[in-house]
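# Structural overview for review
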There are 2 protein chains.
Amino acid sequence: MNEFEIINTFFNQPQNNSKNSNNLHNLKLSIGDDCAMFGEYLICKDLLLEHIHFFSDIDPYALGHKSLAVNLSDLAAMGSIPCFFLLGIALPNKDEAWLAQFSSGLLSLAQKHNCILIGGDTTKSTKDICISITAIGKINSKSNSKILQRNNAQINDDIWVSGLIGEARLALGHKYKEWSISAEAFEHCIQRMQMPSPRVELGLLISNMANACIDISDGLLGDLGHILKASNVSAEINIDNIALSPYLHKTQCSKDIMLNCILCGGDDYELCFTAPTTHRNAIMEVGEQLNLPLSRIGKVSSQLHNMPNISAQYEGEILSLDNTFTSFMHF
Amino acid sequence: MNEFEIINTFFNQPQNNSKNSNNLHNLKLSIGDDCAMFGEYLICKDLLLEHIHFFSDIDPYALGHKSLAVNLSDLAAMGSIPCFFLLGIALPNKDEAWLAQFSSGLLSLAQKHNCILIGGDTTKSTKDICISITAIGKINSKSNSKILQRNNAQINDDIWVSGLIGEARLALGHKYKEWSISAEAFEHCIQRMQMPSPRVELGLLISNMANACIDISDGLLGDLGHILKASNVSAEINIDNIALSPYLHKTQCSKDIMLNCILCGGDDYELCFTAPTTHRNAIMEVGEQLNLPLSRIGKVSSQLHNMPNISAQYEGEILSLDNTFTSFMHF
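Computed from a prediction, not measured in an experiment: that's the story for all the values here. (Residues numbered from 1 in each chain as written. Chains lettered and ligands numbered in written order. Predicted model: local features only at pLDDT ≥ 70, side-chain atom pairs only at ≥ 80, totals over all residues. Heavy atoms only, no water.)

On to the overall build of chain A, then. A tally of helices and strands in chain A yields ten helices and 14 strands. For 331 residues, the compact-globule estimate of 2.2 N^0.38 gives 20 Å, and chain A sits close to it at 20 Å. Along the longest, intermediate and shortest principal axes, the C-alpha atoms of chain A span 55 × 55 × 40 Å. In chain A, which comprises 331 residues, the share counted as buried stands at 58%. Contacts spanning at least 24 positions in sequence make up 82% of the contacts within chain A whose residues lie at least 6 apart. Accessible surface for chain A amounts to roughly 13,300 Å². Of this, 48% is attributable to carbon and sulfur atoms. Distance between charge centroids for chain A: 4 Å, based on 23 positive and 35 negative side chains. (Helix = DSSP H or I, 4+ residues; strand = E, 2+ residues; numbered from the N terminus. Rg over C-alpha atoms; globule rule 2.2 N^0.38 Å. Buried < 20%, exposed > 50% of the residue type's maximum accessible area, 1.4 Å probe, protein only. Contact = heavy atoms within 4.5 Å. Areas by Shrake-Rupley, 256 points an atom, 1.4 Å probe, with all protein chains shown as cover. Lys, Arg positive; Asp, Glu negative; His and termini not counted. Charge placed at Lys NZ, Arg CZ, Asp CG, Glu CD.)

Shown next as structure tokens:
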């Protein structure tokens, strides 16, 4: 059972609440997207555990940053404006120097996005650090923009991805000794892994153009797969069209490593979205405005056999993907 | 540094957000009470960690119940209506029988209070179970009721406490071998510790009468102390007036154990509130309506030396409390 099966089996049960009760509290979106929505507010929550989501030697400033960044990334994927957050933190000891650094990284990012810490819980843990942040955003009512969901990708939409994906995975593989990269490459890529930039401005700017959006936390294939499943569509993508990190260029690493990082690497927290072809130029302009590469990597297609499918090619070669979109083979 | 000092030192810093920005997002209440508030919604968050907040042998049904109950208790202390919650859970393995029991306890309590699970995060942990729930409530706009805060206790208010407090602590002390109680007493009191009843209905019914309210999670003295500090007042209480659990009666345990459980025991999740004397009869009626003992244990008084103080007596004897309200001595 993976995470999604656990949620569907045990926690996404029909709850005995009448439609009236839902309407009363103004619930607009429940389990199944990056955020839930009630009233004009969006809400999301992520857990970060030592040894699972970060290494024990992580710089506390970076950890403070990342803890909030992953939640702001969920808000960004819905095209919403960050407003508030709550912090739950369990620590084995009260190291004040550590706490000062952690809170500095956390509150710097919060301030950058005008996101206010409004509450939470601080407690002792036996051994490991455990962090849980709940972030609250708001729909951008000033513009025409709508909430971006996963389930609205339309056939013939362009598929876009922001930034230079795969860099975080490249650093992780080096750390795990799956492969070895230069000191310069590691220094750059570990920053991408530990200090991701949530694409809040991008989410807001595309929110009235895109049809579906998700943040890439599990890997491009897996997260694009979530859009496809929710929207009942398939996709054709061409990896040649992805803006490539110089550290993933063929002069720096093998094709296998590059494809693995690009297709299956999480933790970059870039956005993957689909949008009508009529918005191509406007989306390119958004990328220029933000000084952020936006790659048009393919298009949404109709399903065969009622199963979402990703047809991916690179240098004219077709990649074979498993049906969970978590790995690939090339023939 | 205790929890409150950590929050004040590292996380309750003036954030560079203009009043305008706060008004824009409709923030009404931030760090410092049981919940924060924005728009018409209240929000709170608690972490529960294995070995710290619950024993490894806890019945998963009870753990599911308690995880939500402690959050509903925070909503109750503000006099609000539970609406939604998010669940973050980290588990060392995917034991489906355990998950089925946990979700059953969790969703049963949720259903009882019409509180809908709308999202969250499920992840792996290395060893211990870690649970983080965020609960969202709404002000009761149908009635005249207001939000109950900690900082509005008025001089001469009556001080009230609900239920039979101290039972959870009595079970905990037995479990820790601080003392020994009968099998029957343990069976009753461990239920109180593991399956607390959040006083949601009580919070709603007193919300237009009480001036200040808090839920007792840290102990009567400590939590009453939070009200006093926030309200700049003192208190005079008489322990003889507390409705006493039969298991804390002098035929069952020593005076020291009884006072320790009543005054310093947390985990009962009863409410402590202050209200004008004019509401005495109406509050007694609420207790009868809910079939819940409501004890009038003293009154709010003015401060001496600008420091909140609790003057507590039992059987004519004055108890001496430390100024953190976490322990006592009797002369």
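In this structure the tally under the stated criterion is 16 aromatic pairs over all chains. Ring geometry for A:Phe38 and B:Tyr41: centres 4.5 Å apart, planes at 65°, overall edge-to-face. Taken together, the residues A:Phe38 in strand E2 (residues 36–38) and B:Tyr41 in strand E3 (residues 41–49) connect one chain to another. Seen in terms of ring centroids, B:Phe38 and B:Tyr41 are 6.4 Å apart; in terms of plane orientation they differ by 40°. Their pairing is tilted. Under the relative-accessibility criterion, B:Phe38 is labelled buried at 0%. Residue classification places B:Tyr41 among the buried residues on the basis of a relative accessible area of 2%. Three or more aromatic residues joined by ring pairs form one cluster here, namely A:Phe38, A:Tyr41, A:Phe84, B:Phe38, B:Tyr41 and B:Phe84. For the cation-ring pair, A:Lys175 lies above A:Phe55, with the distance from its terminal atom to the ring centre recorded as 4.7 Å. (Phe/Tyr/Trp six-rings, centres within 6.5 Å; stacked < 30°, edge-to-face > 60°. Lys NZ or Arg CZ within 6 Å of the ring centre and 35° of its normal.)

This part covers the interface of chain A and chain B. The interface is formed by 71 residues belonging to chain A together with 71 residues belonging to chain B. Summing both sides of the interface, chain A and chain B together bury roughly 6,100 Å²; the carbon and sulfur share of this comes to 66%. Summed over the three residues of chain A that lose the most area to chain B, namely A:Phe11, A:His25 and A:Lys45, the buried surface amounts to 12% of that side. In this structure, the connection of chain A to chain B is made through zero salt bridges. At the boundary of chain A and chain B, one finds 20 residue pairs in polar contact (both at pLDDT 80 or more). Sorting the residues of the side of chain A that touches chain B by element identifies helix H1 (3–11), helix H2 (19–25), E2, strand E3 (41–49), strand E4 (81–91), helix H4 (96–112), strand E5 (116–124) and strand E6 (130–138) of chain A as the ones contributing at least two each. Residues belonging to the side of chain A that touches chain B are distributed by class as follows: 36 nonpolar, 25 polar and ten charged. (Buried area = accessible area lost by both parts, 1.4 Å probe. Salt bridge = Lys/Arg side-chain N within 4 Å of Asp/Glu carboxyl O. Polar contact = N/O pair within 3.5 Å; in protein donor to acceptor, adjacent residues only side chain to side chain. Nonpolar A, V, L, I, M, F, W, Y, C, P; charged D, E, K, R; others polar.)

So, about the relation of the copies chain A and chain B. When chain A is fitted to chain B, the residual RMSD is 0.0 Å, and the transformation amounts to a turn of 180° plus an axial shift of 0.0 Å. With respect to symmetry, the two chain copies, as superposed, fit the operation of a two-fold axis. Taken as a fraction of all interface residues of chain A, those also at the interface in chain B reach 100%, which identifies the copy contact as same-surface. (Least-squares fit on C-alpha atoms with pLDDT ≥ 70 in both.)

Here the focus is the environment of A:Gly203. Residues and elements named next belong to chain A. One can find Gly 203 in helix H7 (residues 200–206). In this structure Gly 203 comes out as buried when scored by relative accessible area, which is 0%. In this view, Gly 203 contacts Ala 76, Gly 79, Leu 148 and Leu 271; residues no more than four positions away in its chain are not counted.

Residue and element names in this part refer to chain A. One way to put it is that helix H5 (residues 167–175) packs onto helix H6 (residues 183–194) with a least axis distance of 7 Å and a crossing angle of 115°. One way to sum up the angle between H5 and H6 is to call them roughly perpendicular. Considering the relative orientation of H5 and H6, their crossing is left-handed. Taking contact as the criterion, the partners of Glu 167, Ala 168, Leu 170, Ala 171, Leu 172, His 174 and Lys 175 in H5 are, on H6, Phe 186, His 188, Cys 189, Ile 190, Arg 192 and Met 193. Across the contact of H5 with H6, the residue classes tally to eight nonpolar, two polar and three charged. (Axes fitted to C-alpha atoms, helices over the stretch in contact; angles between N-to-C directions. Parallel < 35°, antiparallel > 145°, perpendicular 65-115°, else oblique. Left-handed = near helix turned anticlockwise from the far one by under 90°.)

Residue and element names in this part refer to chain B. Of all eleven residues in strand E4 (residues 81–91), ten are buried, a share of seventy percent or more. The pairing of E4 with strand E6 (residues 130–138) spans nine bridges and is classified as antiparallel. Bridged to Ala 90 within E6 is Cys 130. By the bridge criterion, eight bridges tie E4 to strand E5 (residues 116–124) in an arrangement that is parallel. Note on E5: the bridge partner recorded for Phe 84 is Ile 116. (Pairing = 2+ DSSP bridges.)

A few words now on the packing of H1(A) against helix H4 (residues 96–112) of chain B. The interhelical angle for the contact between H1(A) and H4(B), taken along N-to-C directions, is 50°, at an axis separation of 9 Å. One element, H1(A), and the other, H4(B), form an angle in the oblique class. The interaxial crossing formed by H1(A) with H4(B) has right-handed handedness. Taking contact as the criterion, the partners of A:Ile6, A:Phe10 and A:Phe11 in H1(A) are, on H4(B), B:Glu96, B:Leu99, B:Ala100, B:Phe102, B:Ser103, B:Leu106 and B:Leu107. The class makeup of the residues in the contact of H1(A) with H4(B) is eight nonpolar, one polar and one charged.

All names here are of chain A. Across the sheet, six strands lie side by side as E1-E2-E3-E6-E4-E5; this open sheet has mixed pairing. One side of each edge strand has no neighbouring strand; the edge strands of this open sheet are strand E1 (27–29) and E5. With strand direction ignored, the average angle separating the axes of adjacent strands in the sheet is 20°. Here helix H3 (residues 60–77) sits on the sheet and contacts E3, E4 and E6; the angle it forms with E3, its principal contact strand, is near 140°. Lying on the sheet, H4 is in contact with E4, E5 and E6; it crosses E4 at an angle near 165°.

Once that is clear, we can look at the sheet that holds E3(B). Pairing in this open sheet of six strands is mixed, and the strands run E1-E2-E3-E6-E4-E5 (chain B) from one edge to the other. The open sheet terminates on both sides in strands that have one partner only, identified here as strand E1 (27–29) and E5 of chain B. Neighbour-to-neighbour, the strand axes of the sheet open up by a mean angle of 20°, direction not taken into account. Relative to E3(B), strand E2 (residues 36–38) of chain B is paired through three bridges, and the arrangement is antiparallel. Bridging across to E3(B), B:Met37 finds its partner in B:Leu42. With respect to the sheet, H1(A) is in contact with E4 and E5 of chain B, its orientation differing from that of E5(B) by roughly 140°. Relative to E3(B), helix H3 (residues 60–77) of chain B is tilted by about 140°, and along the sheet it contacts E3, E4 and E6 of chain B.

Moving on to the side chain of A:Ser132. Of note, A:Ser132 is situated in strand E6. Judged by its relative accessible area of 0%, A:Ser132 is buried. Ignoring any residue separated from it by four or fewer positions in sequence, one finds A:Ser132 in contact with A:Lys45, A:Asp46, A:Leu47, A:Leu86, A:Leu87, A:Gly88, B:Lys45, B:Leu47 and B:Ser132.

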